[in-house]
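Working through the structure, step by step
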Amino acid sequence: MSRVIVDVMLKPEIHDPQGDAVLSASHRLGFSNVSRVRQGKRFELEIDGPADEKEIEELARELLANPVIEEFTLRSAD
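Throughout what follows, the structure given in this document is the object of discussion.

Calculation rules
- Residues numbered from 1 in each chain as written.
- Predicted model: local features only at pLDDT ≥ 70, side-chain atom pairs only at ≥ 80, totals over all residues.
- Heavy atoms only, no water.
- Helix = DSSP H or I, 4+ residues; strand = E, 2+ residues; numbered from the N terminus.
- Rg over C-alpha atoms; globule rule 2.2 N^0.38 Å.
- Buried < 20%, exposed > 50% of the residue type's maximum accessible area, 1.4 Å probe, protein only.
- Pairing = 2+ DSSP bridges.
- Axes fitted to C-alpha atoms, helices over the stretch in contact; angles between N-to-C directions.
- Contact = heavy atoms within 4.5 Å.
- Arc of directions from axis to C-beta.
- Polar contact = N/O pair within 3.5 Å; in protein donor to acceptor, adjacent residues only side chain to side chain.
- Expected span 1.5 Å × (residues − 1).

The next point concerns the overall build of the chain. Counting its secondary structure elements, the chain contains 2 helices and 3 strands. For a compact globule of 78 residues, the expected C-alpha radius of gyration is about 12 Å, and the chain comes in at 16 Å, more than 25% above that figure. With the C-alpha coordinates aligned to their principal axes, the bounding extent of the chain is approximately 45 × 25 × 15 Å. Within the chain, the proportion of its 78 residues that are buried is 23%.

Rendered as structure tokens:
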């Protein structure tokens, strides 16, 4: 069994209103040194057998991320 982590983030040029809301709230709570927040998603996949990176990339591109506005990274969790 293999474990793969897929992190999905909005592309840098895409406005992130949820990140802006967290930034604003962090300042209200006294964390004034926080200068930027970007919100994302994390998926932990358990794969029977060895992980096929090309197959995981296809899954991420077709199901887990919207390639128009998001980008993703893969990493092994083993």
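There's plenty left to go through after this.
With that out of the way, let us pick up the sheet that holds strand S1 (residues 2-10). Strands sit in the order S2-S1-S3 across an open sheet of 3 strands; the sheet is antiparallel. Strand pairing shows two members of the sheet lacking a second neighbour, strand S2 (40-47) and strand S3 (70-76), which therefore form its edges. Along the sheet, successive strands turn relative to each other by an average axial angle of 20°, direction set aside. As judged from the 8 bridges shared by S1 and S2, these two strands associate in the antiparallel manner. Across the sheet, Arg3 pairs through a bridge with Glu46, a residue of S2. Here helix H2 (residues 53-64) sits on the sheet and contacts S1, S2 and S3; the angle it forms with S3, its principal contact strand, is near 150°.

Residues Ile56, Ala60 and Leu64 constitute the buried set of H2. For H2, the arc enclosing every buried residue in end-on projection is 40°, short of the 170-degree limit, so these residues lie on one face. Relative to its buried face, H2 has exposed residues pointing more than 90 degrees away, namely Lys54, Glu55 and Glu62. Each element contacted by the buried residues of H2 is listed here: S1, S2 and S3. Between the side-chain oxygen at the start of H2 and the backbone nitrogen of Lys54 there is a gap of 3.1 Å, and the oxygen is on Asp52.

Okay, the environment of Ala65 next. Within the secondary structure, Ala65 is located in the loop between H2 and S3. For Ala65, a relative accessible area of 9% translates into the label buried. A sequence separation of 57 residues divides Ala65 from Val8, and the C-alpha atoms of the two residues are 6.3 Å apart. Setting aside chain neighbours within four positions, we find Ala65 in contact with Val8, Ala60, Glu70 and Phe72.

Here we take up helix H1 (residues 17-28). Compared with an ideal rise of 1.5 Å per residue, which puts 12 residues at 16 Å, H1 spans 17 Å between its outermost C-alpha atoms and is within 8% of the ideal. Inspection of H1 places Gly19, Leu23 and Ser26 among the buried residues, and these make up the whole buried set. Buried positions in H1, seen along its axis, are confined to an arc of 65° and lie on one side of it. Opposite its buried face, H1 presents the exposed residues Pro17 and Arg28, each directed more than 90 degrees away. Just downstream of H1, Gly30 is the residue with a positive phi angle, here 95°.

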